[in-house]
Amino acid sequence: MPRRDDIHKILIIGSGPIVIGQACEFDYSGSQACRSLMEDGYEVVLINSNPATIMTDPLMADEVYLKPLTTDSIKEIVEKESPDAVLPTMGGQTGLNLTRDLQQENFWEENGIEIIGVNIDAVEITEDRQAFRDLMDEIDIPQCHSRIADSLLEAKEITEELGGLPIVIRPSFTMGGDGGGIVWSEDEFERKVLRGLELSPVHQVLIEESIFGWKEYELELLRDPNDTVVIVCTVENIDPMGVHTGDSVTVAPSQTLTDKQFQMLRDAAIKMMNSIGEFAGGCNVQFAVEPGSDRFVAIEINPRVSRSSALASKATGYPIAKIATKLAVGYDLHELPNPITGVSSACFEPSIDYVIVKAPRFNFDKFPGVDEELTTQMKAVGEVMSIGRNFPEALNKAWQSLEIGRAGLGADGYEEIDRKTVRERLMKPYWDRLLNIRHAFKLGASVEEIADITKVDPWFLQQIRYMVSLENRTEGQSLDSISKDDLYELKQAGFSDTQIAWMLSQSNGPVSEYDVRERRKELGLKPVFKVVDTCAAEFPAETPYFYSSYEGENESEVSDRKKVLILGSGPNRIGQGIEFDYTCVHAVAAVQEMGYEAIMVNCNPETVSTDFDIADKLYFEPVYWERVLDIIEYEQPEGVILQVGGQTALKLGKRFVEEGIKIFGTPFEKINFAEDRGAFSDFLERLDIPFPDYGTARTVEGALDVAREIGYPVLIRPSYVLGGQGMRIAIKEEELRGYTESILKTHPENDFLIDRFLEDAVEVDVDAVYDGDQLHIAGIMQHIEPAGVHSGDSTAVIPTYSLSDTALDKIKEYHEKIASNMGIIGFLNVQYAVKGDQVYVLEANPRSTRTIPFLAKATQRPEARIAVKVMLGAKLKDFPEEDLKSKLTKWAIKEPVFPFNKFPEVKKELGPEMKSTGETIYFAEDFNDEHFKKPYEFKNLYLSK
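For the structure given in this document, a descriptive report is provided here. Note that the structure is a prediction, hence the values are computed from the model and not measured. (Residues numbered from 1 in each chain as written. Predicted model: local features only at pLDDT ≥ 70, side-chain atom pairs only at ≥ 80, totals over all residues. Heavy atoms only, no water.)

## Some thoughts on the overall build of the chain
For step 1, the next point in the chain: Scanning the chain for helices and strands turns up 31 helices and 33 strands.
For step 2, the next point in the chain: Against the globule reference of 30 Å for 945 residues, the chain gives a C-alpha radius of gyration of 27 Å, in line with a compact fold.
For step 3, the next point in the chain: Overall size of the chain, expressed as C-alpha extent along the three principal axes, is 80 × 75 × 65 Å.
For step 4, the next point in the chain: Counting contacts in the chain only where the partners sit at least 6 residues apart, residues at least 24 apart contribute 70% of the total.
For step 5, the next point in the chain: Of the roughly 33,500 Å² of accessible surface on the chain, a fraction of 46% belongs to carbon and sulfur atoms.
For step 6, the next point in the chain: Side chains of the chain give 98 positive and 158 negative charges; the mean places of these two sets differ by 4 Å. (Helix = DSSP H or I, 4+ residues; strand = E, 2+ residues; numbered from the N terminus. Rg over C-alpha atoms; globule rule 2.2 N^0.38 Å. Contact = heavy atoms within 4.5 Å. Areas by Shrake-Rupley, 256 points an atom, 1.4 Å probe, with all protein chains shown as cover. Lys, Arg positive; Asp, Glu negative; His and termini not counted. Charge placed at Lys NZ, Arg CZ, Asp CG, Glu CD.)

## Details of the packing of aromatic side chains
For step 1, the next point in the chain: Summed over the entire model, instances satisfying the criterion amount to 19 aromatic pairs.
For step 2, the next point in the chain: Considering the side-chain rings of Phe391 and Trp459, the 5.8 Å spacing of their centres and the 55° angle between planes classify their relative orientation as tilted. Here Phe391, found in helix H12 (residues 391–401), pairs with Trp459, found in helix H16 (residues 458–475); they are 68 residues apart in sequence, far enough to count as distant.
For step 3, the next point in the chain: A relative accessible area of 2% places Phe391 in the buried class.
For step 4, the next point in the chain: Their ring planes at 80° and their centres at 5.2 Å tell us that Trp625 and Phe656 sit as a pair that is edge-to-face. (Phe/Tyr/Trp six-rings, centres within 6.5 Å; stacked < 30°, edge-to-face > 60°. Buried < 20%, exposed > 50% of the residue type's maximum accessible area, 1.4 Å probe, protein only.)

## A closer look at the pattern of salt bridges
For step 1, the next point in the chain: Under the definition given, this model contains 62 salt bridges.
For step 2, the next point in the chain: The shortest N-O distance in the salt bridge between Glu424 and Lys420 comes to 2.9 Å. Of this pair, Glu424 and Lys420 both sit in helix H13 (residues 419–427), four residues apart, which is roughly one turn of that helix.
For step 3, the next point in the chain: Residue classification places Glu424 among the partly exposed residues on the basis of a relative accessible area of 44%.
For step 4, the next point in the chain: A salt bridge links Glu633 to Arg517; its shortest N-O distance comes to 3.2 Å. Here Arg517 lies in helix H19 (residues 513–522) and Glu633 lies in helix H21 (residues 625–635), a separation of 116 residues in the sequence.
For step 5, the next point in the chain: Assessed through its relative accessible area of 6%, Arg517 is described here as buried. (Salt bridge = Lys/Arg side-chain N within 4 Å of Asp/Glu carboxyl O.)

## Overview of the sheet that holds strand S28 (residues 775–786)
For step 1, the next point in the chain: An order of S31-S30-S27-S28-S29-S32-S33 is seen for the seven strands of this open sheet, with the pairing classed as antiparallel. The two strands at the open ends of the sheet, each matched to only one other strand, are strand S31 (838–845) and strand S33 (918–924). When strand polarity is set aside, the average angle formed by the axes of neighbouring strands in this sheet is 25°.
For step 2, the next point in the chain: In this sheet, S28 lies alongside strand S27 (residues 762–770) in antiparallel orientation, the contact comprising eight bridges. Bridging from a neighbouring strand, Ala768 pairs with Ile777 of S28. (Pairing = 2+ DSSP bridges. Axes fitted to C-alpha atoms, helices over the stretch in contact; angles between N-to-C directions.)

## What to know about the environment of Gly180
For step 1, the next point in the chain: As for its placement among the helices and strands, Gly180 is situated in the loop between strand S7 (167–171) and strand S8 (181–183).
For step 2, the next point in the chain: Owing to a relative accessible area of 18%, Gly180 belongs among the buried residues under this scheme.
For step 3, the next point in the chain: Distance in space between the C-alpha atoms of Gly180 and His244 is 9.7 Å, their sequence separation being 64 residues.

## Structural notes on the pairing of S31
For step 1, the next point in the chain: Counting buried positions over the eight residues of S31 gives seven, a clear majority of the element.
For step 2, the next point in the chain: Summarising the sheet, strand S30 (residues 826–835) and S31 pair through seven bridges and their orientation is antiparallel. Within the sheet, the bridge partner assigned to Asn829 lies in S31 and is Asn845.
For step 3, the next point in the chain: Here S30 folds back onto S31, and the loop between the two strands holds two residues, one of which, Gly836, carries a positive phi near 65°.

## Notes on the sheet that holds S7
For step 1, the next point in the chain: Sheet architecture is open: four strands sit in the order S6-S9-S7-S8, paired in antiparallel fashion. At either end of the open sheet lies a strand with only one pairing partner, and these are strand S6 (146–149) and S8. Going from strand to strand, the sheet's axes swing by 30° on average, the running direction of each strand aside.
For step 2, the next point in the chain: Where helix H6 (residues 129–138) meets the sheet, it contacts S6, S7 and strand S9 (205–209), and its direction lies at approximately 150° from that of S6.

## Details of the environment of Glu114
For step 1, the next point in the chain: Looking at where Glu114 falls in the secondary structure, it is placed in strand S5 (residues 114–115).
For step 2, the next point in the chain: For Glu114, a relative accessible area of 34% translates into the label partly exposed.
For step 3, the next point in the chain: For the pair Glu114 and Ile7, spaced 107 residues apart in sequence, the C-alpha to C-alpha distance is 8.9 Å.
For step 4, the next point in the chain: Each residue touching Glu114, except ones within four places of it in the same chain, is listed here: Arg4, Asp84, Ala85 and Val86.
For step 5, the next point in the chain: A distance of 2.6 Å separates the side chain of Glu114 from the side chain of Arg4, its partner in a polar contact. (Polar contact = N/O pair within 3.5 Å; in protein donor to acceptor, adjacent residues only side chain to side chain.)

## Here we look at the nonpolar core
For step 1, the next point in the chain: By size, the foremost hydrophobic cluster in this structure holds 133 residues, and its most contacted members are Ile566, Ile641 and Val868.
For step 2, the next point in the chain: Among the elements that line this core, the one with the most residues is helix H20 (residues 579–593), at seven residues.
For step 3, the next point in the chain: With residues up to four places along the chain from it excluded, the contact list for Ile566 reads Ala587, Val588, Val591, Ala598, Ile599, Met600, Val601, Ile641 and Val644.
For step 4, the next point in the chain: Core analysis: the second largest hydrophobic core is formed by 29 residues, Phe683, Leu684, Val764 and Val839 among them. (Core = buried A, V, L, I, M, F, W, Y, C linked by side-chain atoms within 4.5 Å.)

## Describing unusual backbone geometry
For step 1, the next point in the chain: In this structure, Pro713 follows Tyr712 across a cis peptide bond, with omega equal to -5°.
For step 2, the next point in the chain: Of note, Pro713 is situated in the loop between helix H26 (700–710) and strand S24 (714–718).
For step 3, the next point in the chain: Cis geometry is found at the peptide bond from Ile798 to Pro799, where omega equals -10°.
For step 4, the next point in the chain: In this structure, Pro799 sits in the loop between strand S29 (796–798) and helix H28 (805–822).
For step 5, the next point in the chain: You will see that Ser82, though not glycine, has its phi angle at about 45°, which is positive.
For step 6, the next point in the chain: Within the secondary structure, Ser82 is located in the loop between helix H2 (71–81) and strand S4 (85–87).
For step 7, the next point in the chain: We note that Lys455 has phi near 65°; this positive angle belongs to a residue other than glycine.

Next up, the structure:
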């Protein structure tokens, strides 16, 4: 049937701040839902407390409420807006839990509000471990043997009944596997069970037989009001059961399921979805399959869009959240066109003729002492997705995307292979398992040995062994002797020019990445760009969504329009998150409004900027030099925008300069100059702008000499890092020695700065836009925590509340001086430390920052769009006065969110290295608000206006 006309205004509940286990995949889904409903003429009201996401942009809904995600906030909004319906399925566990809490109060019914897109009773069944078991028994779906425990004593009894350890703990009603895990030994049993009981809101845990080592699969489904079901995607985990699916490397479509097994899982998934109540929308089902047999068990079902829905959408080109939203308001699948082809129906299940690899991104380096072993509790902070014509190509591209300094899966000279380390790292699941499998093959291990240790399916091991065989064959050759066919085979397997150069250097002297590139171009080996079309080329695709490969014809047509290439920020990680996705989306809009064709390059499946209908053209590729240069040589843009892609894009800047490719906005030499701590300090000295005493060093002894001269405590910080990586405060010589030795291991090529640390100073963050003549200050944020806590981890307030007019005048004066003398065009962020009326400059960042979206939401100004237009030649004087005027009347507070609950063994301490995963925004009326008072109670300071 067509869309419902009996509802007009719909409330969407967002997912709140980015946390491990519930990240920007839900902002992607929520943004799609908002756009889908507005497209159909519904009035959309949104509640979400996350300022960093494009979802909370004024463009996304008729009314956006940046309020805490609480039942009180929802009641307040309902009283004001009187919505007809609520769509809770786009807000992860947060949205569902809030909806369920209000349902239990009978709130929705009393206010005449219909819950659409989900059946809350179905959610209760799927979240309540025992109810879910009972239902699966009723419909004859096989499961692991398990029972619910309400106490430690009961857990012990159940464990004995199941045959003893190992067992799996799954707390009821938690997110991202929180509190769950495998118990291997008696000494950890009590601790893990009690933690699970405490974290479960209903204080229950499921004690389950261990199926560690079984193969794990996820199916993404959609169901319409007529009970028509489509399977959008089947995702296979390379890691066997025992590793949370969010932490596993995954592949789509599934590679090792037999047709018989696939049909069994498909039938079971449809049966499960049809059993959990009447609703139309998305659903995710997880199964485990015993290796060597057809026995399978159902793990869980989520009757909402899930973390995997964003991945499945980008993998297939089928926009799950968008279609799920249409189904929630009454459409049937056969009435909806496939948005990619425009001609086939949404009833058609996607068919893909390529391989997708998703690789998770971890930030263990931020948490010294963390247990890196992967378990059923999720630890990844982000992910990348890569597309190839075969598994090796997609796997190498995934490792090029991860932003960990690798040119692919090994074969890049990054480390020496140590037999003992490889064996230790294979004994348990770690983030670098596939790399160590590659190392094991280099050391002569067999497929059978590795399969026995890791339980990874032999098919994947054979693929990696094939990659190693290509390496071994290449290492004996030279650049002149390698044949076109051999080089072609390497490129088809996804090996980068850097990897090939390293292999060729093993026996015949140094070969550079540039040499390999020139050689393959001489041989006519260039990538082609294939289209993502959902239908294996059965119908022509209308959407410009591409990936590179070395096979077949080129499917990307180059227009004759002037183009701008925008580089995205790669995978989410601490220090560089969803804020850059927000800026990228606005950059695309700004580029289009300035009359250019906008081309986006990024590899993050969780984001809105990688949606196929945001930019004029999307290349879903690693933000990696070789891949980016291939696109530039093919598309021939006027230039590139680096300032919105965080450190990922900026670190490629030098390469663009060397190739003579135009960089819009601030010249790269100036961006580079700001990263050179020593040169920048000399620049400040010439401008008579104060900064803390400092010195630069490249050795341990050099650092100690500087510290002796300027006095302790000192702040040590490497150049060219993001999120304060490697920054430490040392109060004595032995600490400085240890920190310096550590930095030299991770950043041996970098100078580092030793600053005199300003104790008891107030830190201030200022974002601005400069057009060469005029400065527009986006916001001056005062940190509540003292200087020394990373700006991303600080509670920040706009406008400032305790700085003197003298200090504020100096900040504005210094900002303008820096902007005009550095040749800034576009963004400029400067961090200051203030003691009384004295203002010191700590650092400058001539790019978009994490705080730009927060300021845009606080002031209701499109700061990112303003800056990108300025980078493309616009002048601030030509902007409407309204665009540059702040609408903030009281105070806005940025509050960080930390992942310490995921790493209970790590000390909860804050310092100059960033540790928060996300943030919320809160609007305060006065200084009696708890959001002001709590941070001050913590540091025992009095707050006055």
